[in-house]
Every structure is written in structure tokens, then in C-alpha cells.
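Chain by chain, the residues:
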Amino acid sequence: MGTGGDMADVVSVARPQRWDTPFGPDMTDGDVDDLLRRPEIASIDLDRFPIHTPLTGILRNDTRLVRFAPGDIVVREGDYGNSAFLILDGGMRVVIAPSLPRNLLGRQVVERKGFFDSVAQLWRNSWVPEIRDRPGESSRMVRDADLRGGARAFLQDIPAIIDQHRTASINAGTLFGELAALGRIQRTATVFAETETLALEIRWQGLRELRKYDEGWRRQIDATYRSNALKNHFEENALFRGLRSQALEKIVETTLFETYGSFDWHASYRQMRQTGGDVLDDEPIIAREGNYPDGLLLIRAGFARVSVKLGNGRRTLTYLGAGDHYGLSALYDGWKTGEAGALDTTLSALGYVDVLRVPAGMLEEHLFPILTPAEVPRVGELVARSLDEDALMEWAVEERYVNATQAMLIDLQKCTRCDDCVRACASTHEGNPRFIRHGRTFDNYMVANACMHCIDPVCLIGCPTGAIHRSVESGNVIINDETCIGCATCANSCPYDNIRLVEIREETGAVMTDPETERPIMKATKCDLCEGQLGGPACVRACPHDALHRIDFRELEEAAKQW
């Protein structure tokens with residue numbers, strides 16, 4: 001401890017550890033013992049797990065027991081999840097076709113306003129902000145859960161669902177949801193409890209360790225992924241489209257799955273932004289400059305930074321997202337010349353990255369013979385650009401704005417602070433604007449605090465009722481006000497602080513309160529890009545100086561030339 005004067009006091013605290021916050025705080029040693037006797041767990045060789053990550057520790061800290069009542073929706077088609085489920089007792093059903101209607105899933109059904117409705121907003125708006133109707137039918141789809149806490153959406157008429165939709169039973173011992181949990185992709189089907197059901201929910205960190213240290217779990221997860229998604233992924237990638245089906249199947253069989261970074265990257269990133277830490281130093285390295293590649297890396301989800309050494313630091317050349325690949329030029333040159341080529345750049349994970357590694361031998365046998373030199377991108381050539389040319393892109397990478405598909409970019413040289421954009425937003429959103437005309441700046445540009453409708457929407461993960469979701473029609477991230485329970489999970493997850501909680505009111509201006517707690521009822525709000533409004537975002541249309549644009553940072557350079 002310091003004694004005052006020039007030296008600040010020093011306080012020693014234990015470094016936070018991964019299992020400081022268990023996934024299921026109610027899990028007991030007895031629960032773990034019971035799990036170890038189940039056949040799905042008993043078949044796991046405990047000796048394969050390292051001392052610092054024992055199987056018992058994973059079960060104790062990375063899993064939780066969840067009891068579902070009949071009709072409870074366990075996972076929804078289109079949701080982003082960070083956990084998988086192993087059914088321990090009872091039965092569930094997976095909806096195969098047709099998909100459940102959006103209103104049954106707690107989604108918002110957007111009705112596009114007509115011309116007269118749009119105009120009528122000018123005189124129908126109340127002077128009281130955030131007016132809502134009394135809870136409607138959708139909110140009655142949500143009920144409290146007992147073991148899990150919080151609330152959960154449920155289906156009220158199971159026989160009708162089974163009668164009108166093709167479904168399949170899944171029973172005790174079935175694992176599901178693992179691909180979405182590990183791959184950060186949307187869930188492909190809705191699963192609901194048919195009977196009283198007990199399930200083991202495994203968060204992605206625990207699932208990753210089980211796959212890593214147990215051959216049986218790895219084989220099961222990988223087989224599911226290869227049969228359900230991998231071939232489609234290659235077929236959709238332009239690089240592999242020319243391959244015959246047989247060659248593609250061989251590549252699918254030998255491709256390796258890898259993940260880098262933290263699934264919960266938004267939490268550590270927010271902390272780094274607040275403390276001013278060096279983001280680049282903490283990024284996991286996927287491939288290092290000067291090393292020899294053993295395979296082509298395909299980005300399946302997330303983002304990765306491509307950089308080169310510059311003095312004592314690193315210079316960002318570009319970034320890669322889903323569908324991009326890395327290392328092709330070094331591998332191709334080595335195949336053409338017969339001499340192994342080293343990587344001329346480094347690839348590191350921006351947050352969380354899901355990577356497919358295609359072995360070099362497969363490329364040499366099937367892909368390179370049909371590839372022309374012109375089809376091989378050379379990222380290293382970007383080093384010829386001036387540092388000034390890269391400055392805006394590098395800033396966008398540092399701030400993670402590359403995640404945006406609809407960032408609100410304001411040209412401060414044109415903006416006169418007239419606030420027409422703010423008033424236009426408020427007039428279409430219950431009297432309160434859904435953004436704050438404030439944000440981080442670069443040169444004469446400012447990215448305002450408005451939802452960016454991210455490629456990787458971490459705000460969707462963990463919503464207990466599925467209220468925040470992607471619109472089927474537009475792909476925008478929107479919130480169903482009826483099923484939002486104001487838990488703030490989405491607001492706490494947003495890395496950019498673009499979601500707010502507001503008190504809702506009756507037409508008289510009185511704040512609505514919960515009769516049990518007498519506390520104000522809160523709702524999450526954010527920019528919805530004026531979903532359902534004619535003409536798109538009102539903020540853009542209201543700007544008299546063409547200073548405000550909604551942009552995808554991948555198209556920033558081209559868009560800026562047109563302003």
C-alpha cells in the first residue's frame with residue numbers, strides 16, 4: 001500500500017478466472033455426480049482432460065439444469081445462440097415444416113404504413129413520449145420460468161401445432177443446438193417442449209472443451225456439421241464453385257474446424273475501449289507472417305484482421321469477414337514453383353472467428369489445377385498503398401465498425417446541428433428519438449450512437465423471449481415491443497451502447513408500473529431503420545444538407561466518392 005504523496009495506492013486483487021461466474025449458479029456436486037452416471041457423460045474419458053480444465057469442472061461451471069414446461073420454446077429458428085442442449089428427461093419436438101408463424105415465436109410482424117398513415121403521424125403523435133397500449137396477446141405468450149429464472153415464451157396449443165406442422169420428436173439423450181453455439185450462426189429450426197422436460201444446457205465454452213478433449217463428442221459434432229452445413233458452405237463460396245461434387249466431398253471430409261477469440265468478445269472489447277488498452281496486442285493470432293501455411297483458411301463467421309509488421313508495431317492492411325479466405329497466394333505460388341512460400345502478412349481474430357482449414361494437399365489435387373493466376377488475390381500488395389489511404393479503414397477496424405451494415409455516418413463539415421434528423425426520428429418513434437447525435441469521430445466523420453444492424457449481432461444472444469431479432473423482410477435488427485420484458489440483456493451486450501431502456505407510459509402520461517413490484521415497466525428501444533415506414537430511415541430523409549448517411553463500412557470508400 002502506498003503512503004500518500006506522489007505515489008498512488010496500489011490494490012492487489014485476484015485476477016478474474018473463467019469459472020468465477022458459473023453458468024448455473026445452482027449446480028451442486030450432487031448434480032455433477034448424477035450427470036457423470038448418465039451414459040452420454042459416463043462414456044467420456046476423464047483422463048483426457050487437463051488438470052486445469054477437468055470434466056467435473058466443466059459440468060459444474062459450464063452447464064446448468066433447465067426444466068421446461070409443455071409448450072415452452074427452447075430455441076427459435078433464426079435466433080443466435082451461445083449454448084446447446086442435452087435432453088435428460090422428457091421429450092421435445094423440432095418443427096420441420098412449415099416454420100411456425102412469426103407471431104407465435106414472439107416476433108414482430110411489420111405492417112408497412114401506407115401514404116395516408118405516414119402523413120397522419122404528423123398530427124396523431126402525442127406530446128407524451130413512449131406511449132404504449134396495455135399488454136396485448138403477444139405479451140401473454142411469455143411466462144415466468146422456475147429453475148432458469150427470468151421469462152420464457154411458450155406455445156399455448158401444442159396439439160394444433162403438431163397437427164398443422166410437420167414435426168419430429170426428440171427424446172432423452174439427444175443433443176441439439178451445438179452448431180449454432182459453436183459456429184455463431186442462426187438456429188435453423190424451432191424446438192419446443194412437448195412434455196415436462198429436464199435438459200442440460202451447455203454454454204459454448206464447455207461445448208468447445210468437450211469437443212476438444214473427447215473423441216466421441218468431437219466425432220458427433222463434426223459429423224453433424226459435415227452432413228448438415230459444410231458442403232453447402234463450400235458450394236456457396238465462389239472459389240469452389242467449379243469443383244465436381246466428388247472433389248467437393250473429399251474436401252468436406254478433410255476440412256478442419258477451428259475457432260479463435262472469445263464468443264463473448266463484446267464484453268472484453270467494451271472494457272478495452274473504456275480503459276484505452278491496445279486492442280491489437282490482445283488479438284489471438286491465427287496465422288503469423290513468415291510462417292509456412294499448411295492449408296487455406298476460410299472465414300465462416302466473425303472478422304479477422306490482416307496486418308504486416310511496421311517498425312515496432314503493426315499496420316492493418318484489410319479485414320476479412322464471412323466468405324473470405326486467407327493464404328491462397330502463398331499456397332498457390334508454392335504449388336506452381338515447387339518451393340514453399342511463406343506468409344507475407346499476419347491474420348488475427350477480431351473478437352470471435354470461426355475458421356475452416358482446407359488442407360494444402362486437397363487444394364493441390366482438386367482446386368489449383370483449375371485455378372488461374374488472375375483468380376488468386378494478393379492481399380500483401382495492399383502494402384503499396386499509402387498510410388493515409390488506410391487510415392479510415394484502420395480506424396473502423398479498431399472501433400469494430402466493420403461489424404456495421406447500417407452505421408449512421410455524419411459528415412461534420414456539412415452538418416449544421418439543426419437537429420432535423422433527431423426530430424424526424426422522434427416523430428416516427430413514440431416521441432423519443434432512437435439515436436443520440438453523438439459518437440466517435442475520425443477526421444470530419446462521426447459515427448453516431450445508432451444501432452448499426454450488425455453482421456454479428458451479439459445483442460440477439462441471450463434474449464429470453466426472442467423479442468430482439470432480425471426482420472425476415474429487411475434483415476434489420478428489430479425489437480418486438482410486445483414480448484420485450486425489459487431485462488436489458490440486449491443493451492448490456494451491445495458493444496456500442498446503442499440500445500436503451502425507457503419507461504413506458506399511458507396516454508395520460510402516467511408511467512406504467514408492474515403491479516407486483518410497483519416499479520416502472522421498461523422496454524428496450526433502438527433504431528429500427530424506420531421498419532414499416534415509407535421511404536426508409538426518416539433521419540436520412542430529413543437532413544437538409546445531405547450530411548447523414550447510413551452505410552456499410554465494407555462499401556465506405558466507394559460511397560464516400562459519391563457524396
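Each value, and the rule that gives it
Residues numbered from 1 in each chain as written. Predicted model: local features only at pLDDT ≥ 70, side-chain atom pairs only at ≥ 80, totals over all residues. Heavy atoms only, no water. Helix = DSSP H or I, 4+ residues; strand = E, 2+ residues; numbered from the N terminus. Buried < 20%, exposed > 50% of the residue type's maximum accessible area, 1.4 Å probe, protein only. Contact = heavy atoms within 4.5 Å. Areas by Shrake-Rupley, 256 points an atom, 1.4 Å probe, with all protein chains shown as cover. Phe/Tyr/Trp six-rings, centres within 6.5 Å; stacked < 30°, edge-to-face > 60°. Axes fitted to C-alpha atoms, helices over the stretch in contact; angles between N-to-C directions. Parallel < 35°, antiparallel > 145°, perpendicular 65-115°, else oblique. Nonpolar A, V, L, I, M, F, W, Y, C, P; charged D, E, K, R; others polar. Pairing = 2+ DSSP bridges. Core = buried A, V, L, I, M, F, W, Y, C linked by side-chain atoms within 4.5 Å. Expected span 1.5 Å × (residues − 1). Polar contact = N/O pair within 3.5 Å; in protein donor to acceptor, adjacent residues only side chain to side chain.

Each helix and strand in the protein was counted, giving 17 helices and 24 strands. Counting all 563 residues of the protein, 50% fall into the buried class. Once local pairs closer than 6 in sequence are excluded, the contacts in the protein between residues at least 24 apart make up 78%. Accessible surface for the protein amounts to roughly 27,500 Å². Of this, 49% is attributable to carbon and sulfur atoms.

A few words on the packing of aromatic side chains. Considering all chains together, one arrives at 13 aromatic pairs under this definition. The interplanar angle of 20° and the centroid separation of 5.5 Å between the aromatic rings of F85 and F176 together place this pair among those described as stacked. Of the two residues, F85 sits in strand β3 (residues 83–89) while F176 sits in strand β8 (residues 175–176), which places them 91 residues apart along the sequence. Its relative accessible area of 2% is what places F85 among the buried residues. An angle of 85° between the planes, with centres 5.3 Å apart, marks the rings of Y332 and F368 as edge-to-face. Taken together, the residues span a long stretch of sequence, with Y332 in helix α11 (residues 328–337) and F368 in the loop between α12 (360–367) and α13 (387–398) at a distance of 36 residues.

The subject of this paragraph is the environment of L317. Positionally, L317 belongs in strand β14 (residues 313–320). Taking the C-alpha atoms as reference, L317 lies 6.7 Å from V383; in sequence the two are 66 residues apart. Not counting residues within four places of it along the chain, the set of residues in contact with L317 comprises V306, S307, V308, T345, V379, G380, L382, V383 and M393.

Within the secondary structure, I251 is located in helix α9 (residues 245–254). By relative accessible area, I251 is classed as buried at 0%. Contact partners of I251, with chain neighbours within four places excluded, come to F234, F240, L243, V358, M362 and H366.

Time to look at the packing of α9 against α12. Any two packed helices are characterised by the angle at which their axes cross and by the distance between the axes. In contact at an axis separation of 10 Å, α9 and α12 are set at 175° when each is read in the N-to-C sense. Between α9 and α12, the angle is such that the two are roughly antiparallel. Residue-level contacts link A247, K250, I251 and T254 of α9 to M362, E365 and H366 of α12. Split by residue class, the contact of α9 with α12 holds three nonpolar, two polar and two charged.

Next up on the list: the sheet that holds strand β4 (residues 91–97). Reading across from one edge, β2-β9-β4-β7 is the order of the four strands in this open sheet, with antiparallel pairing throughout. Two strands lie at the open edges of the sheet, namely β2 (73–75) and β7 (166–171), each paired on one side alone. In this sheet, neighbouring strand axes are inclined to one another by 35° on average, regardless of whether the strands run parallel or antiparallel. As defined by bridge partners, β4 adjoins strand β9 (residues 190–193) across four bridges and the pair is classed as antiparallel. Opposite V95, over in β9, you have T190 as the bridge partner.

So, about the nonpolar core. Ranked by size, the top nonpolar core spans 42 residues in total, and within it Y401, V447, M452, I468, I499 and F553 carry the most contacts. Among the elements of the structure, α10 (265–275), β16 (346–359), α13, β17 (407–411), β19 (445–449), β21 (477–479) and α15 (489–493) are those that each provide at least two residues to this core. Considering each element in turn, this core owes the most residues, five residues, to α13.

Let's shift gears to helix α8 (residues 215–236). For an α-helix the count is 3.6 residues per turn, leaving residues at separations of three or four pointing the same way. An ideal rise of 1.5 Å per residue puts 32 Å on 22 residues; α8 measures up with 30 Å between its terminal C-alpha atoms. If you check which residues of α8 are buried, you get W217, I221, D222, Y225, L230, H233 and F234. Two or three places before G216, at the start of α8, stands the capping residue D214, its side-chain oxygen 3.1 Å from that residue's backbone nitrogen.

A separate point is the sheet that holds β17. Sheet strands associate in pairs through backbone hydrogen bonding, adopting either a parallel or an antiparallel arrangement. Pairing is antiparallel across the open sheet formed by four strands, whose spatial order is β18-β19-β17-β24. Edge strands, defined here as strands with exactly one partner in the open sheet, are β18 (436–442) and β24 (548–551). Taking the axes of each pair of neighbouring strands and ignoring which way they run, one obtains an average angle of 40° across the sheet. Sheet topology note: the β17/β24 ladder contains four bridges and is antiparallel. The residue of β24 that forms the bridge with I410 is L548. Packed onto the sheet, α13 meets β18 and β19 and runs at close to 130° relative to β18.

Turning our attention to the environment of P25. Mapped onto the secondary structure, P25 falls in the segment before α1 (29–36). The exposure class of P25 is exposed, given its relative accessible area of 66%. Separated by 38 residues in the primary sequence, P25 and T63 have C-alpha atoms spaced 9.4 Å apart.

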